[in-house]
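# Analysis of the macromolecular model
As a plain string of letters, each chain reads:
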Amino acid sequence: MSEPLTAASVLPPAPGADDYLALDFVNSAIALPGGHFVDLLGTPGGANRWLTEHGLAPEDAGVQEMCAAQLRSLREHLRVLFAARAGGLPVLPAALSAVNDALSRAPSAALLYWDEKRGPYRAAPCPTNEILDRALATLAANAADLLTGPDADRLTPCGSTPCNRYLLRHGRRHWCSVRCGDRARAARAYARRAQPNAG
């Protein structure tokens, strides 16, 4: 039996994904060369694994298909917003509405608790039935922070076909990984060799 797919087993995190969880979330659907496609949220088990790896759910959260579908839906709405921001395009109201809906799903205030040994501490309440709502709200808030913050101008799609991932551009780098950069350079070199000599 093969190991379950994780983001790291497909491609390393794109530049900026360490700073913005939403970037890693949007990049959890990965187009690969040869028409291959990997969806790390494609099954309830995969969605549960992704949430657990990112500290958004316990291993035993028991994500069901309905929850995985809600995660995939938010991801697609965020992809629309990222594409609009990176391309300077008008935004679809439905995408904006979906993100605002996710933002309002979970209370943001951490409540005050008291532990007999540790004393007072604050934590956000999160009963099991609210795990998904809290994850959706966290991802939407992180995406909103990225889209409205100082790094928004650096948001760009990977410049290597067929890759569909996003990254935060650093300098001239427009690729999400070394693999994509090598593929783009090889394609350019091939195109130069294939051009008939002018003259």
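Residues numbered from 1 in each chain as written. Predicted model: local features only at pLDDT ≥ 70, side-chain atom pairs only at ≥ 80, totals over all residues. Heavy atoms only, no water.

## A look at the pairing of strand β1 (residues 29-32)
Side chains Ala29 and Ala31 of β1 all project onto a buried face; the interleaved residues Ile30 and Leu32 project onto the opposite face, where all are buried too. What sits between the antiparallel neighbours β1 and strand β2 (residues 36-39) is a turn of three residues, in which Gly34 has the positive phi angle 75 degrees. (Buried < 20%, exposed > 50% of the residue type's maximum accessible area, 1.4 Å probe, protein only. Helix = DSSP H or I, 4+ residues; strand = E, 2+ residues; numbered from the N terminus. Pairing = 2+ DSSP bridges.)

## Some remarks on the pattern of salt bridges
Inspection of the entire model under this criterion finds seven salt bridges. Close ionic contact of Arg72 with Glu65 constitutes a salt bridge, the shortest N to O distance being 2.4 Å. By relative accessible area, Arg72 is classed as buried at 18%. Ionic pairing is found between Arg85 and Asp153, a salt bridge with its closest N-O pair at 2.7 Å. (Salt bridge = Lys/Arg side-chain N within 4 Å of Asp/Glu carboxyl O.)

## Some points on the environment of Asn164
Relative to the elements of secondary structure, Asn164 occurs in the loop between β5 (155-157) and β6 (166-168). The buried category is assigned to Asn164, whose relative accessible area is 17%. Distance from Asn164 to Arg79, taken between C-alpha atoms, is 9.6 Å for residues 85 residues apart in sequence. In this view, Asn164 contacts Ala29, Ile30, Ala31, Phe37 and Arg79; residues no more than four positions away in its chain are not counted. A distance of 2.9 Å separates the side chain of Asn164 from the backbone nitrogen of Ala31, its partner in a polar contact. (Contact = heavy atoms within 4.5 Å. Polar contact = N/O pair within 3.5 Å; in protein donor to acceptor, adjacent residues only side chain to side chain.)

## Describing the confidence of the model for the protein chain
Averaged over the protein chain, the pLDDT score is 85; the fraction of residues at 70 or greater is 86%. When mean pLDDT is taken per element in the protein chain, helix α2 (residues 21-26) scores highest with 96 and helix α1 (residues 7-10) scores lowest with 58. (pLDDT = per-residue confidence, 0-100.)

## Quick notes on the packing of helix α3 (residues 44-53) against helix α4 (residues 65-87)
Close contact between α3 and α4 brings their axes to 8 Å; oriented N to C, the two are set at 65 degrees. Relative to α4, the crossing made by α3 is left-handed. In this structure, α3 contributes Pro44, Ala47 and Leu51 to the contact, and α4 contributes Glu65, Ala68 and Leu71. When the residues that make up the contact of α3 with α4 are grouped by side-chain class, the tally is five nonpolar, no polar and one charged. (Axes fitted to C-alpha atoms, helices over the stretch in contact; angles between N-to-C directions. Left-handed = near helix turned anticlockwise from the far one by under 90°. Nonpolar A, V, L, I, M, F, W, Y, C, P; charged D, E, K, R; others polar.)

## Looking at the packing of aromatic side chains
Going through the model one piece at a time under the given rule, you end up with two aromatic pairs. When the centroid spacing of 5.5 Å and the interplanar angle of 55 degrees are considered together, the rings of Phe25 and Trp50 count as tilted. Here Trp50 lies in helix α3 and Phe25 lies in helix α2, a separation of 25 residues in the sequence. Note on Phe82 and Tyr166: the rings are 5.7 Å apart at their centroids and 85 degrees apart in plane angle, and the pair reads as edge-to-face. (Phe/Tyr/Trp six-rings, centres within 6.5 Å; stacked < 30°, edge-to-face > 60°.)

## Topic: the nonpolar core
The biggest cluster of nonpolar side chains holds 48 residues, and the ones touching the most others in it are Trp50, Leu71 and Phe82. If you list the elements that add at least two residues to this core, you get α2, β1, α3, α4, α5 (93-103), α6 (131-148) and β6. Of all the elements, α6 adds the most residues to this core, at nine residues. Residues contacting Phe82, with those up to four places away along its chain left out, are Ala22, Leu23, Val26, Ala143, Leu146, Leu147, Leu155 and Tyr166. (Core = buried A, V, L, I, M, F, W, Y, C linked by side-chain atoms within 4.5 Å.)

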